[in-house]
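# Structural characterization, general
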Amino acid sequence: MCTRFVYHGNDIITGFNFDIDLAVWDHKVIKEKDRFYIGILRPDGMRHSYHGVNRNGNVGTLLYVHGNPQGSYRSGADFITIADLTEQFIRAEVTFDEAVHIVKTKYIVYAPDATMQAMLSDAQGRVLIVEPGIGYREENKRYSLMTNDSLLDPDCTKSFMVPGDDRYERAISLLDQYGSQFSVSDAFSVLRAVRQEGKWASRVSFVYSVRERSVFCVENNHFEHVVKYEFG
């Protein structure tokens, strides 16, 4: 359960709610010279940056989706997992254009133990939506939004929608109200409105401002306590 958007206004702003079950995922907010990310502890003992921001403006996030057989994990030179692509993007090992080339020339598959889809964006506000086994789409519009259902083939995840989960519709309704003026505070207002509570609560919410070259972070729905991380 997660929510991610990119908004084009007087600034280019990304918002992300990271919603997880703590019994399943071990996470930690990590701030480095060139990266801000939510470090996910993996079986290799490392905390991987599957959700984060690079100082160059690359923002990558993975969002859970009910998997489809076409996206099943496979290894080999012709395949790359959505997790690896996203982490390489956040590490600035690939540019936005290179990421587009990769999704055009390789088969994008799930990681061996998780089914995820991705939203990647850069400092220009260009957006790349990648759904393993389904395809990809480039966007450059007033706002892009993704939650936990397929955007490219909605029918394939329709039967798995959780009753009462209307985060996508509520977020659209809120984002539609804004015009050219859209601030970090506005982004947090949207994230707060669609936050999750309980077992799959929003553990980390972050907003990235291209103009300010900064990430603003909230943990455990304490939206009154915003921590700023500035790349400089």
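Up top is the structure these notes are about.
Notes on the structure follow. Only a predicted model underlies this, so the values are computations on that prediction, with no experimental measurement involved. (Residues numbered from 1 in each chain as written. Predicted model: local features only at pLDDT ≥ 70, side-chain atom pairs only at ≥ 80, totals over all residues. Heavy atoms only, no water.)

## A short note on helix 4 (residues 167-175)
Quick note on the threshold: In this scheme, a residue with accessible area under 20% of its type's maximum is buried, one over 50% is exposed, and one in between is partly exposed, where area comes from a 1.4 Å probe on protein chains only. Only DSSP runs of H or I reaching four residues or more are called helices, and only runs of E reaching two or more are called strands; each is numbered from the N terminus. Directions are taken from the helix axis to each C-beta atom, and the arc is the one they span. By definition in these notes, contact holds between two residues if any of their heavy atoms fall within 4.5 Å.
Every buried residue of helix 4 is listed here: Arg 167, Ala 171 and Leu 175. What you see down the axis of helix 4 is that its buried residues fit within an arc of 60 degrees, all on one side. Packing partners of the buried residues in helix 4 comprise strand 1 (2-8), strand 2 (12-19), strand 12 (143-146) and helix 5 (184-193).

## Quick notes on the environment of His 48
Basically, it comes down to this: Here a polar contact is recorded for every N or O atom pair within 3.5 Å, except that within protein the pair must consist of a potential hydrogen donor and a potential acceptor, and residues adjacent in sequence are included only if both atoms are side-chain atoms.
With respect to the helices, strands and loops of the structure, His 48 is situated in strand 5 (residues 47-54). The sequence separation of His 48 and Glu 87 amounts to 39 residues, and the corresponding C-alpha distance is 7.4 Å. Those residues in contact with His 48 that sit more than four places away from it in its chain are Tyr 37, Ile 38, Gly 39, Ile 40, Arg 42 and Glu 87. A polar atom in the side chain of His 48 sits 2.9 Å from the side chain of Glu 87.

## Some details on the layout of surface pockets
In plain terms, the rule: In the cavity and pocket records, a cavity denotes points on a 1 Å grid over the protein atoms alone where a 1.4 Å probe fits but cannot get out, a pocket denotes an open set with protein on both sides within 12 Å along at least 5 of 7 lines, and lining residues are residues with an atom within 4 Å of a point. Grid points are joined across faces, edges and corners, and a volume is the space filled by probe spheres set on the points. The residue classification treats Ala, Val, Leu, Ile, Met, Phe, Trp, Tyr, Cys and Pro as nonpolar and Asp, Glu, Lys and Arg as charged. All others, Gly included, are polar.
Taken as a whole, the largest pocket spans an internal volume of roughly 510 Å³. What lines the largest pocket is a set of 30 residues, and nearest its centre among them are Met 1, Tyr 64, Val 65, Met 116 and Asn 148. Only strand 2, strand 5, strand 6 (59-64) and helix 1 (82-90) provide two or more residues apiece to the lining of the largest pocket. Of all the elements, strand 6 adds the most residues to the lining of the largest pocket, at 3 residues. Tallied by class, the residues present in the lining of the largest pocket amount to 20 nonpolar, 4 polar and 6 charged. Taken as a whole, the second largest pocket holds about 200 Å³ of empty space. Taken together, Thr 147, Asp 149, Ser 150, Leu 151, Pro 154, Thr 157, Lys 158, Met 161, Asp 165, Arg 167, Tyr 168 and Glu 169 form the lining of the second largest pocket.

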